Amino acid sequence: IALGANWAQSIAEGVRDRDVVICSLPGPVQVEQVLLSDTGVLASMKQGACVIDTSTSDQKLSQRIAARARELGVHYLEAPVTNAIDAAAEGRLSIFVGGDEAVFAKHRPIFDVLATKIFHVGEAGNGAVIKLMTNLLWLVSAAAIGEGLMLGDTEGDAEGLMLGERDGDLLGLIEGLTLGETDGLTLGDTEGLALGEAPKSRMFALVALAEDKTPPE
C-alpha cells in the first residue's frame with residue numbers, strides 16, 4: 001500500500017472498475033473459486049476488461065474459464081509462468097500465453113515487463129499443458145543429473161572434475177548440454193522447483209492421462 005496499491009474489502013470491489021486484472025494463485029482449486037464463483041473475478045469485471053491468470057492450473061479449467069469469460073463479455077488470457085522467484089523479481093520470467101491473439105497483442109506491454117521469453121501458444125488451455133511439460137522435463141533432467149553426479153562421486157574425483165580444478169569446467173558443460181540451453185529452465189532459474197512443483201506436476205499429468213480416452217496406436 002505504501003508503494004501505491006489500494007486495499008479492497010472483496011474481490012468484487014477490487015476488480016469492478018479495472019481494465020486488467022492479473023491473478024497468481026496456488027492451484028486449480030483456488031483459481032476456480034476466485035475466477036468462477038458468483039462473487040468472483042469474472043462475475044464482477046466490466047465488459048471489455050481482461051483477466052490474465054498466471055497460475056499453474058489445468059487445461060480443462062482454463063477452457064471453462066475462457067468459455068465463461070466469453071459469455072460475460074470479458075477477455076481471458078491464461079499465462080502460466082516459469083523461472084521461479086528470483087527471475088520474477090527481475091522481470092525474467094518465461095510466460096506461455098493461451099487465448100485470443102488480438103487480446104494477447106493488445107496486452108503484450110504487460111508481459112514485456114514481467115518476462116524476457118513470451119510465447120503465444122494458441123487457444124486457452126495450451127499454456128497449462130506446456131507449463132506441465134516444462135515442469136516434467138525439468139524434473140526428469142534434474143533427476144538424471146543427480147544420478148550422474150552421484151555416480152561421479154562414487155567412482156572418481158567428482159568434485160575436482162565438476163568444479164573445474166582439472167582441464168575445463170565439466171559441471172558447466174553438463175548444465176549446458178542438459179538444462180542450460182533450454183528456455184528459462186536452467187538449474188539456477190528453477191531452484192526449489194523439484195520440491196515445490198513435483199507433486200503438483202505429477203498430479204496434473206495423471207489427471208490429463210486419465211481424461212485422455214484416445215486408445216494408443
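Note: the structure precedes this text.
Since the model is a prediction, treat every value here as computed from it, not as a measurement. (Residues numbered from 1 in each chain as written. Predicted model: local features only at pLDDT ≥ 70, side-chain atom pairs only at ≥ 80, totals over all residues. Heavy atoms only, no water.)

Undergrad: Tell me what's going on with the overall build of the protein chain, and back it up with residues and numbers.
TA: Each helix and strand counted, the protein chain has eleven helices and six strands in total. Burial status across the protein chain gives 36% buried among its 217 residues. For the protein chain, long-range pairs separated by at least 24 residues make up 62% of all intrachain contacts whose partners lie at least 6 apart in sequence. If you sum the accessible surface of the protein chain, you get close to 12700 Å²; carbon and sulfur atoms cover 57% of it. (Helix = DSSP H or I, 4+ residues; strand = E, 2+ residues; numbered from the N terminus. Buried < 20%, exposed > 50% of the residue type's maximum accessible area, 1.4 Å probe, protein only. Contact = heavy atoms within 4.5 Å. Areas by Shrake-Rupley, 256 points an atom, 1.4 Å probe, with all protein chains shown as cover.)

Undergrad: Account for the pairing of strand β1 (residues 20–23), with residues named and values stated.
TA: Because side chains alternate across β1, one face comprises the buried residues Val21 and Cys23, and the other comprises Val20 and Ile22, none of which is buried. In terms of strand pairing, β1 meets strand β2 (residues 50–53) through four bridges, oriented parallel. Looking at β2, one finds that Val21 is bridged to Val51. (Pairing = 2+ DSSP bridges.)

Undergrad: Pulling in residues and values, what's your account of the sheet that holds β2?
TA: Here three strands make up an open sheet; going across it, the order is β1-β2-β3 and the pairing parallel. Strands with a single pairing partner mark the edges of an open sheet, and in this sheet they are β1 and β3 (75–78). Going across the sheet, the axis of each strand differs from the next one's by a mean of 15 degrees, ignoring polarity. (Axes fitted to C-alpha atoms, helices over the stretch in contact; angles between N-to-C directions.)

Undergrad: Can you break down the sheet that holds strand β6 (residues 115–120) residue by residue, with the values?
TA: On the basis of which strands lie adjacent, the open sheet formed by three strands has the order β4-β5-β6 and mixed pairing. Looking at strand neighbours, the two that pair on one side only are β4 (81–82) and β6, the edges of this open sheet. Note that strand β5 (residues 93–97) and β6 share five bridges and pair parallel. The partner of Leu93 across the bridge, within β6, is Ala115.

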